[in-house]
Amino acid sequence: MIVANDNSCKGIVKNALLYKNPIFVSGMVIAPVVVMANNFFDAVTLVIAFSLITFFTLLMSSFVPKNIVYTVRIILYTIIGALVYVPSVIFLKYLMPEGVEALGIFFPLFITSSFIISRSETIFFLETKGKMFLDIIFCIIGYDAAVLLFAAIREILAFGTICGNIIGMPVEIAALQNPFGGFILLGLIAAVFRSILLFIKRVRQK
Amino acid sequence: MNSKTKTDFSIMTDMLIVLIVIASMSVYYYGMRAAVVFAITISVSVATDFLCCKLRKADMGKDLSALITGITLGLMMSASVPYYAAVIAAVFSIVIAKHAFGGHGCEIFNAAATGFLFASLSFTQNMLTYPKPFSEIPMTSVVSPDVLSSSFTSAFLLTESAELSLIDVLIGKFNGPMGTGFVLLMLVAVVFLIFRRSVSAITFFTEAVILGIYAFVRYDNDIMSVIYFFASGMLLFGMIFLSCDYSIIPKTKSSRFIYGVVFSICVIIFHSYSATENAAIYAVIISSPIGIELDRKALSFADMIKNKKSVFHKVNKPLNHINETLEILEKNELEK
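Note that this is a predicted model, so its numbers are computed, not measured. (Residues numbered from 1 in each chain as written. Chains lettered and ligands numbered in written order. Predicted model: local features only at pLDDT ≥ 70, side-chain atom pairs only at ≥ 80, totals over all residues. Heavy atoms only, no water.)

Colleague: Before we go on, may I ask you to explain the overall build of chain B in this structure?
Modeller: A tally of helices and strands in chain B yields 15 helices and 0 strands. Of the contacts formed within chain B by residues at least 6 apart in sequence, a portion of 76% connects residues at least 24 apart. (Helix = DSSP H or I, 4+ residues; strand = E, 2+ residues; numbered from the N terminus. Contact = heavy atoms within 4.5 Å.)

In C-alpha cells:
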C-alpha cells in the first residue's frame, strides 16, 4: 500500500488527502457518491451533508471513554450520529431544501457510515487529540475534494455541462448518469489516481 | 478433433472465419458505411487491447479475442451508428469487460455484449434506429433520422406479427442490426461450428428447444411467428456467438446444460415482461456469471461424490471382504 510512513503532521495530511484518500484509495462511503453525485451542485450538497455529520459525530465520539467495550462503543457512535443528524438536517433544509430532498435515504445513512467507525476506532486510540483532529479534518477535505472532482468529470462526460453551463462536448455518454455508469467511472478515476501516486513514488525513489 | 485437445486459438480461428463471412454479407447489404463501422470497431478493439496488454505488461500471445470482439460488436450495431458510438463501445468492451477482469480467459461477461449494452444505454436513439438494407447511407458520422426507422423486432414485439416473406426473413432482408438477421447463414454457421466443436452443442440445442417450445406456445403454433421470434432481437445471433462464447461458457457438460436453461429463462422473462428489443443481450450478461458459478459448483459436487464414494468404499470393504481386508492389514503391519 502507498502511504506516507512518517507520523508527523505533514505525513497525516498527505495520507488523509492522497495516499489514503477515503474515496479513491480506501473506497469508503461510495454508494451515495455513485448514486447522488451526478453533477457538481448535487455533489456540493452531498459534501456539505457528509462533512457536517461526520465532523461533529467524530468530534463528539472522541469523548466516549476508551474502556467501554467495542460493541457498546459502536452503538454509542451511532446514537451520537443520530443526535448530530437532527440539527444538521434542520440547518441544511433551511440552506438548500431541494438538495436535502434529493439526498433522500443517503443523508440519514451517513450516521452509520464505515468512515465514522473506521476513523474513530483506528485513530482515536493511537494518536493525540491534535493529530486526531488534523486527520479527521483532512480526511473530510480529501473525501470532499474527491467527490467534487468525480462529480465534475461525470457531469462533463454525461451531460456535456459544468455547473449547469453547456461546454459543447462532442459526445455525451448518457450511461454515466446511471449508478452503474457512475460506479465504472469512479473505478476508472480511482485507478488513474492510484497509478499517478505510484508513478510519483517511483520517480521519487529514483 | 476432440474438444479436449482443441485449443483456444483453433476455436477463435473458426469463430473468426464465420464472423468474417457474416460481416462480408453485412457490407454487401449496407455498403461502404458498414465497412467503415467494422473498420472502426475492429481497429479500436485491437489497438485498445494492445495498449491494455502493454500497460498490464501481459503477453498477447495468439490471442484473437479482441479481433472477434471487434467484429461481433460491429455485427450487432446499426449500419448508421455514429462513429463515436462505435469507438466508445469498442473501448468499453476491451477495457472494462475484458482487461478490468484480468484479460482473456478471465472475463465474466461477453465483452462485445457488454460494450453494445453500454453504447445502447448511452446513445439509445442512434443505436436502435436502422437504415433499410440496400439503401443509400450517408458516410457522415451522424446519419439524419429521416433515412432511419425502428427495427423489425420493435414492430414484431408490438404487433406479434410481421409482414415479411419467409425468404426475406431467412436472408435477413429487414430493418435491424447489420449482421444478426441472416437466419440461413447463421444456421449454416452453427452447423459448421458445432461440427468443428467450436460452440457447445449442448448449450445451443438446450436453448433452441426451450425457446422453440416457448415461441410455439406463445404464438399459437404459428410457424412463421416462431421464425420471426428467432430472427428478431439478435436471438439466433446471441445464441450462437454470445451465449456459446468459449471464454464465458461453463466447462462441464451438466453446467452447460443448466447454463442453456438459465439463458433461455432469462430470454423468456425479458421477452414476456419487458419491451426491450434485444432480450438476448441482457440474458447473456445475466446468465454468464451464473455459468461460471455452475462450473465451481459442479467441481465441488464432483469432489463431494468422490469423497463419499471413498468413505463408502472404506466402510463396506471390511463387511463384504473381511478376509481380504484382514490380509491387507496384516500385510501393512508386516511392511511397517
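Colleague: Got a minute to help me understand the overall build of chain A in this structure?
Modeller: In terms of regular secondary structure, chain A is built from 9 helices and 2 strands. Start at the N end of chain A and walk to the C end: the helices and strands fall as α-α-α-α-α-α-α-α-β-β-α. Relative to the 2.2 N^0.38 estimate, which gives 17 Å for 206 residues, the radius of gyration of chain A is 18 Å and therefore close to what a compact globule would have. In terms of its C-alpha atoms, chain A occupies a principal-axis envelope of roughly 60 × 55 × 25 Å. The long-range share in chain A, meaning contacts at least 24 apart out of those at least 6 apart in sequence, stands at 69%. As displayed, chain A has an accessible area near 10,300 Å², and 71% of this comes from carbon and sulfur atoms. (Rg over C-alpha atoms; globule rule 2.2 N^0.38 Å. Areas by Shrake-Rupley, 256 points an atom, 1.4 Å probe, with all protein chains shown as cover.)

Colleague: Could you clarify how one ought to interpret the packing of aromatic side chains in this entry?
Modeller: In this description, an aromatic ring pair is defined by two values, namely the gap between the centres and the angle between the planes. For the structure on display, the rule yields 25 aromatic pairs over all chains. An aromatic cluster is built from F152(B), F156(B), F174(B), Y214(B), Y219(B), Y228(B), F229(B) and F230(B), whose rings are joined through pairwise contacts. (Phe/Tyr/Trp six-rings, centres within 6.5 Å; stacked < 30°, edge-to-face > 60°.)

Colleague: Could you clarify how one ought to interpret the side chain of S45(B) in this entry?
Modeller: Residues and elements named next belong to chain B. If you trace the backbone, S45 turns up in helix α2 (residues 32–56). Among the residues examined, S45 registers a relative accessible area of 0% and is labelled buried. Excluding its chain neighbours within four sequence positions, the residues that come into contact with S45 are A66, G70, A90 and I94. (Buried < 20%, exposed > 50% of the residue type's maximum accessible area, 1.4 Å probe, protein only.)

Colleague: Help me understand the packing of helix α1 (residues 9–19) of chain A against helix α8 (residues 129–159) of chain A, please; the structure alone is not making it clear to me.
Modeller: The packing of two helices is summarised by the inter-axis angle and the distance between the axes. Residues and elements named next belong to chain A. In the contact formed by α1 and α8, the axes pass within 8 Å of each other and the chain directions differ by 30°. Classified by the interaxial angle, the pair formed by α1 and α8 is roughly parallel. The crossing of α1 and α8 is right-handed. Contacts from C9, I12, V13, A16 and L17 in α1 reach K131, L134, D135, F138, C139, I141 and G142 in α8. Among the residues making up the contact of α1 with α8, the classes are represented as 9 nonpolar, 1 polar and 2 charged. (Axes fitted to C-alpha atoms, helices over the stretch in contact; angles between N-to-C directions. Parallel < 35°, antiparallel > 145°, perpendicular 65-115°, else oblique. Left-handed = near helix turned anticlockwise from the far one by under 90°. Nonpolar A, V, L, I, M, F, W, Y, C, P; charged D, E, K, R; others polar.)

Colleague: Got a minute to help me understand the interface of chain A and chain B in this structure?
Modeller: You'll often see interface size given as the accessible area lost when the parts meet. On the chain B side, the residues contacting the 9 residues of chain A number 9 residues. Buried surface at the junction of chain A and chain B, both sides included, amounts to about 720 Å², of which 84% is carbon and sulfur. The largest share of the area that chain A buries against chain B comes from V171(A), I173(A) and I184(A), three residues that together contribute 46% of it. In this assembly, chain A and chain B are joined by 0 salt bridges. Class assignment for the residues of the side of chain A that touches chain B results in 8 nonpolar, no polar and 1 charged. (Buried area = accessible area lost by both parts, 1.4 Å probe. Salt bridge = Lys/Arg side-chain N within 4 Å of Asp/Glu carboxyl O.)

Colleague: I tried to follow the pattern of salt bridges on my own but got confused; where do I start?
Modeller: When their charged atoms lie close together, side chains carrying opposite charge are able to pair. Residues and elements named next belong to chain B. Enumeration according to the criterion identifies 3 salt bridges over all chains in this entry. Between R196 and D14 there is a salt bridge, with the nearest N and O atoms lying 3.2 Å from each other. Of this pair, R196 sits in the loop between α9 (183–195) and α10 (201–218) while D14 sits in helix α1 (residues 8–30), placing them 182 residues apart in sequence. Residue classification places R196 among the partly exposed residues on the basis of a relative accessible area of 31%. The exposure class assigned to D14 is buried, which follows from its relative accessible area of 3%. Across the salt bridge formed by D49 and K98, the nearest N and O atoms sit 2.9 Å from each other. A residue pair is termed long-range when its members are at least 10 positions apart, and D49 in helix α2 and K98 in helix α4 (residues 83–98) qualify at 49 residues. Here D49 and K98 have matching classes, each one buried. A network of salt bridges, in which partner residues are shared, links D49, D63 and K98.

Colleague: It is not clear to me how α9(B) should be interpreted in this structure. Could you clarify?
Modeller: Note: α-helices contain 3.6 residues per turn, so residues at a spacing of three or four share the same orientation. All names here are of chain B. Over its 13 residues, α9 extends 18 Å from the first C-alpha to the last, a length consistent with the 18 Å expected when each residue adds 1.5 Å. Those residues of α9 not exposed but buried are V183, M186, A189, V190 and L193. The arc that holds the buried residues of α9, viewed along the axis, is 115°, so those residues lie on one side. In α9, the exposed positions that point more than 90 degrees away from the buried face belong to V188, V191 and F195. Packed against the buried residues of α9 are α1, α8 (166–171), α10, α11 (223–231) and α12 (235–242). Directly beyond the C-terminal end of α9, a positive phi value near 60° is found at R197. (Expected span 1.5 Å × (residues − 1). Arc of directions from axis to C-beta.)

Colleague: I keep staring at the environment of V89(A) and nothing clicks. Help me out?
Modeller: All names here are of chain A. Note on placement: V89 falls in helix α4 (residues 70–95). Since its relative accessible area comes to 14%, V89 is described here as buried. Residues within four places of V89 in sequence aside, it is in contact with V100 and F107.

Colleague: What is the right way to look at the environment of Y228(B) in this model?
Modeller: Looking at the element boundaries, Y228(B) is found in helix α11. In this structure the C-alpha to C-alpha distance between Y228(B) and A215(B), which are 13 residues apart in sequence, comes to 9.6 Å.

Colleague: Just to check I follow, could you spell out the packing of α8(A) against helix α9 (residues 179–205) of chain A for this structure?
Modeller: Residue and element names in this part refer to chain A. Contact geometry for α8 and α9: axes closest at 11 Å, N-to-C directions at 120°. Between α8 and α9, the interaxial angle falls into the category oblique. Along this stretch, α8 crosses α9, giving a crossing that reads as right-handed. Residues F150, I153, R154 and L157 of α8 touch α9, and the partners they reach there are P179, G182, L185, L186 and I189. Class assignment for the residues of the contact of α8 with α9 results in 7 nonpolar, 1 polar and 1 charged.

Colleague: Sorry, what's going on with the environment of Y259(B) here?
Modeller: Residue and element names in this part refer to chain B. Tracing the sequence through the fold places Y259 in helix α13 (residues 253–273). Judged by relative accessible area, which is 0%, Y259 ranks as buried. Every residue in contact with Y259, bar those within four places of it in the chain, is listed here: T203, S243, I248, I249, P250, S287, S288, G291 and L294.

Colleague: Is there a simple way to explain the confidence of the model for chain B in this structure?
Modeller: Low pLDDT marks regions whose predicted coordinates should not be analysed in detail. In the predicted model, chain B carries a mean pLDDT of 86, and 90% of its residues have values of at least 70. Our summary of model confidence lists the complex with pTM equal to 0.84 and ipTM equal to 0.80. (pLDDT = per-residue confidence, 0-100.)

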